[in-house]
Amino acid sequence: AQSVTQLDSQVPVFEEAPVELRCNYSSSVSVYLFWYVQYPNQGLQLLLKYLSGSTLVKGINGFEAEFNKSQTSFHLRKPSVHISDTAEYFCAVNPGSARQLTFGSGTQLTVLP
Amino acid sequence: KAGVTQTPRYLIKTRGQQVTLSCSPISGHRSVSWYQQTPGQGLQFLFEYFSETQRNKGNFPGRFSGRQFSNSRSEMNVSTLELGDSALYLCASSTAGAIISEQFFGPGTRLTVL
């Protein structure tokens, strides 16, 4: 069975500072990895995904993530955050054989002025 | 293209009642999945439908059921509501394919059970 661990439940950061949101997964098979963002009272929006190929994945809103198979990690980064990035971020894994996503517990990113 | 729509957006019910939630996927998407989101348990997969057939089911009691219609619209039903069923229920649609390359989520239905 696969699982996803988001190591930080809350990450406060000042505006224009860099941020990294950590995600580790466990799976015995090849996986597909995703980062989603959820703004208050809204559904989930896909930021980026890793299916295969280059391990550095670029997404929307200036976010990027790096797939590290040896460390089973898929950390999300942004070099300079904005107030509007304040939201909850979810890492998710799909092992490819199952038509469902397994989500981490989420990281609340709060960007401070 | 219009996004995934869910109705109603908010719902208040009392224990013991039943509820039906509706989801309209993006045009052309034939797979619809349902997730439950709660502060305590996070996001949990309920079930997935494709071409009116349930293809995958999460670890939820039989009180939770769903169906999909020929136009790909989906409904989920919860019978004999319990306080713990209070949650945001999210619907997601995707194209048919061998893997889930991307799921598009609706805004959710927030269910409150009193």
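In short, a report on the structure. (Residues numbered from 1 in each chain as written. Chains lettered and ligands numbered in written order. Predicted model: local features only at pLDDT ≥ 70, side-chain atom pairs only at ≥ 80, totals over all residues. Heavy atoms only, no water.)

Looking now at the nonpolar core. Counting residues in each nonpolar core, the largest one holds 28 residues, and the members touching the most others are L33, W35, L47, L48, F74, L76 and Y89 of chain A. When residues of this core are assigned to their parent elements, the largest contribution, four residues, is made by strand β10 (residues 87–94) of chain A. Among residues more than four places away in sequence, those in contact with L76 of chain A are V19, E20, L21, W35, L47, L48, F63, E64, A65 and Y89 of chain A. Counting residues in each nonpolar core, the second largest holds 21 residues, with V19, V78, L81 and V113 of chain B among its members. (Core = buried A, V, L, I, M, F, W, Y, C linked by side-chain atoms within 4.5 Å. Buried < 20%, exposed > 50% of the residue type's maximum accessible area, 1.4 Å probe, protein only. Helix = DSSP H or I, 4+ residues; strand = E, 2+ residues; numbered from the N terminus. Contact = heavy atoms within 4.5 Å.)

So, on to the sheet that holds strand β7 (residues 64–68) of chain B. Residue and element names in this part refer to chain B. With respect to topology, four strands assemble into an open sheet ordered β1-β3-β8-β7, the strand pairing being antiparallel. Of all strands in the sheet, those bounded by a partner on one side alone are β1 (5–7) and β7. For this sheet, the mean angle separating the axes of adjacent strands, direction not counted, is 20 degrees. For strand β3 (residues 19–24) and strand β8 (residues 74–78), the ladder comprises five bridges, and the chain directions are antiparallel. Residue pairing for β8: T20 is matched across the bridge by N77. (Pairing = 2+ DSSP bridges. Axes fitted to C-alpha atoms, helices over the stretch in contact; angles between N-to-C directions.)

Residues and elements named next belong to chain A. Scanning all chains against the criterion turns up two disulfides over all chains. Across the disulfide from C23 sits C91; the S-S distance is 2.0 Å. On the sign convention where negative means left-handed, the S-S torsion of about -65 degrees between C23 and C91 marks this disulfide as left-handed. You can see C23 sitting in strand β4 (residues 23–26) and its partner C91 sitting in strand β10, a full 68 residues away along the chain. Assigned by exposure class, C23 and C91 land together as buried. (Disulfide = S-S within 2.5 Å.)

Our focus in this paragraph is the interface of chain B and chain A. Counting residues at the interface gives 23 residues for chain B and 19 residues for chain A. Summed over both partners, the interface of chain B with chain A buries about 1800 Å², with 51% contributed by carbon and sulfur atoms. Summed over the shared surface of chain B and chain A, the result is zero salt bridges. Inspection of the region where chain B meets chain A yields five residue pairs in polar contact (both at pLDDT 80 or more). Broken down by secondary-structure element, the contributors of at least two residues to the side of chain B that touches chain A are β4 (31–38), β5 (42–50), β6 (53–57) and β9 (87–94) of chain B. In the side of chain B that touches chain A, the residues fall into 10 nonpolar, nine polar and four charged. (Buried area = accessible area lost by both parts, 1.4 Å probe. Salt bridge = Lys/Arg side-chain N within 4 Å of Asp/Glu carboxyl O. Polar contact = N/O pair within 3.5 Å; in protein donor to acceptor, adjacent residues only side chain to side chain. Nonpolar A, V, L, I, M, F, W, Y, C, P; charged D, E, K, R; others polar.)

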